[in-house]
Amino acid sequence: MKIPPVKGTRDFYPQEMAVRNFIMEGWKAASIRNGFEEYDGPIFEHLKMYQIKSGQEIVEQLFHLTDRGGRELAIRPEITPTLARMVNQQINALPRPIKWFSIPRLCRAERPQKGRLREFFQWNVDIIDVDDPRADAEVIFTSIDFLRSTGLTTADIQAKISSRRLLAALLRSIGIDENKLESLYALLDKKAKLPCEAFEEMLAKEIPVKDQAERIRDLMEVTTIEDIPRIVHMNEAATAALDELKNVFSLLDLMGISDYCHFDMGIVRGLAYYTGMVFEVHATSGKLRAICGGGRFDNLLKDFGGPSIAATGMGMGDCVLEILLREKGLLTDSLATRMLDYYICCLDDELMSRAIVLTATLRQRGYVVDCVYKISSLGKQLKLASSTNARQSIILGQELIRDNQLVLKDMQSGNQRSIQYDHFLSDLSS
RNA sequence: GUGGAUGUAGCUCAGUCGGCUAGAGCACCAGAUUGUGGUUCUGGGGGUCGCGGGUUCAAGUCCCGUCAUCCACCCCA
């Protein structure tokens, strides 16, 4: 009986694994360059943990299970709650500020489609206990730093940045009631995807006061930070939030990535928990969903039963990123799945044990080595050597029996020479 | 949850009006080449035509059902 793979999952054959490693090694290197430490947690947690800040609908998109002790568990759909739990548990012992990154494997029981699967990897970086735009700018910088390292340019991607704190202050200044903010965020977040008329209609339903709705619409049309005060009266809170956001942009300029960064009033993020800067990185062309997103969420630790400590961070999934890299031709067609230092060819049955000894010796010295399993024609063995991307082949044949010599063949140039077995080994260690 | 498209070899696909033993390219294996790789040439293995039913002398092809996948919508931590 043939069992199919589970919907929304991927099999990583060596070729796909090479791509995955390419991405993850890039994530890891960018994290480390920017001063982050790696952490990880369990792949499942108590179901409750995901119900704290999410509604019933999100819980339905969890893979959940009941263990044999009757505990309700869920496979992690994100790692931020785990991060909050881990940090809260040791909050008094951990040196601060905390700059942590992780590359968790996550599962969500959603309907799969382009750029979205049920199992995926998501790079997360978070900075905790830095209540300063420096941390926000650094999170954005780290994302761009990685994307830039893959070869993506300002022509391919751009970071769209806004501030939830600013938006909240502006909406209050317009006169919007506090308890309307959340549903309004959801609508404003969708604006870019909706046709103009549909947005107007939904806005009118949400905000019946004509003057208010009009000013919100005008506000969402602004393309530069400087235009904002012309549309909305700047109270104290709005001015402070605006200065803070301007500060983020000047920091990004100092960091040398202002070409990648743009203010965009339409970046709201659906989630309720953002409290300050919010951003998304999008491909400039095509209709891909966001490559990454994040922002400041200063209530995170408090929501999970800890102290009130500032936090800012971002997440980047592997699915959309891979599609984009492929579209831009930035994934080498065949990333090598193996890269041997030596491939050992053996031409005589009586030499096979010496081939095994040589293989083991070289491996012990730290070389990447493989050895043929079956005696066959040299041509066939060299073909195998080529397919393993061996830099050099070592041929064990008559020379070894006669003169204790092996043949060393450089696979790139094709040049080869004979060398005394013992000299070969002693040359290696020098 | 809603709508659309597609299911033929490991992969990408062709298969005419329903008609002979179901094909190509790539990949894989072998030989040309018993001690010299990447190229080339030759050959080979590999199929429940998604599954079930129906129409017919005859179904990969037509009809009904079903399952799966992909795409879009909803949602998006």
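Remember, it's a predicted structure, so these values are computed and weren't measured experimentally.

## Topic: the pattern of salt bridges
- Taken as a whole and assessed by the stated rule, the structure comprises 25 salt bridges.
- Here D40 makes a salt bridge to R76, at a shortest N to O gap of 3.0 Å. Taken together, the residues span a long stretch of sequence, with D40 in the loop between β1 (37-38) and β2 (44-46) and R76 in the loop between β4 (72-75) and α4 (80-89) at a distance of 36 residues.
- Two residues, R296 and D131, come together in a salt bridge whose shortest N-O distance is 4.0 Å. A residue pair is termed long-range when its members are at least 10 positions apart, and R296 in strand β11 (residues 292-296) and D131 in the loop between β7 (119-128) and α5 (133-149) qualify at 165 residues.
- Overall, D131 belongs to the exposed group, its relative accessible area being 60%.
- A single network of salt bridges, built from pairs that share partners, joins D131, D136, R296 and D298.

## With respect to the sheet that holds β2
- On the basis of which strands lie adjacent, the open sheet formed by 3 strands has the order β2-β4-β3 and antiparallel pairing. Bordering the open sheet on either side are β2 and β3 (64-66), each of which pairs with just one other strand. When the angles between neighbouring strand axes are averaged without regard to direction, this sheet yields 35°.
- Bridge count between β2 and β4: 3 bridges; the pairing is antiparallel. Residue pairing in the sheet places E45 in a bridge with A74 of β4.

## A word on the protein's contact with RNA strand B
- Among the 33 residues in the neighbourhood of RNA strand B, the closest are listed as R116, L271, K380, Q398 and M411.
- Interatomic distance of 3.3 Å between a side-chain N/O atom of R289 and a base nitrogen of RNA strand B.
- One of the side-chain nitrogen or oxygen atoms of K380 is found 2.5 Å away from a phosphate oxygen of RNA strand B.
- Contributions of two or more residues to the surface near RNA strand B are made by α15 (378-387), α16 (398-403) and β16 (405-410).
- Considering every element that reaches the surface near RNA strand B, the biggest residue donor is α15, with 6 residues.

## As for the nonpolar core
- Of all hydrophobic cores here, the largest spans 79 residues; its most connected members are W27, W123, I140, I161, I216, I228 and M316.
- Counting residues in each nonpolar core, the second largest holds 29 residues, with L340, L358, L362 and L408 among its members.

## Quick look at the sheet that holds strand β15 (residues 392-396)
- Here 5 strands make up an open sheet; going across it, the order is β14-β13-β15-β16-β17 and the pairing mixed. At either margin of the open sheet sits one strand with a lone partner, and together these are β14 (369-371) and β17 (416-420). The average angle at which neighbouring strand axes cross in this sheet is 25°, direction not considered.
- Taken together, the 5 bridges between β16 and β17 define a ladder with antiparallel strand orientation.

## Some words on the environment of K7
- Note on placement: K7 falls in the segment before α1 (14-33).
- Its relative accessible area of 51% is what places K7 among the exposed residues.
- Not counting residues up to four positions away in its chain, the partners in contact with K7 are P112 and R118.

Cut-offs applied
- Residues numbered from 1 in each chain as written.
- Chains lettered and ligands numbered in written order.
- Predicted model: local features only at pLDDT ≥ 70, side-chain atom pairs only at ≥ 80, totals over all residues.
- Heavy atoms only, no water.
- Salt bridge = Lys/Arg side-chain N within 4 Å of Asp/Glu carboxyl O.
- Helix = DSSP H or I, 4+ residues; strand = E, 2+ residues; numbered from the N terminus.
- Buried < 20%, exposed > 50% of the residue type's maximum accessible area, 1.4 Å probe, protein only.
- Pairing = 2+ DSSP bridges.
- Axes fitted to C-alpha atoms, helices over the stretch in contact; angles between N-to-C directions.
- Near = heavy atom within 4 Å.
- Polar contact = N/O pair within 3.5 Å; in protein donor to acceptor, adjacent residues only side chain to side chain.
- Core = buried A, V, L, I, M, F, W, Y, C linked by side-chain atoms within 4.5 Å.
- Contact = heavy atoms within 4.5 Å.

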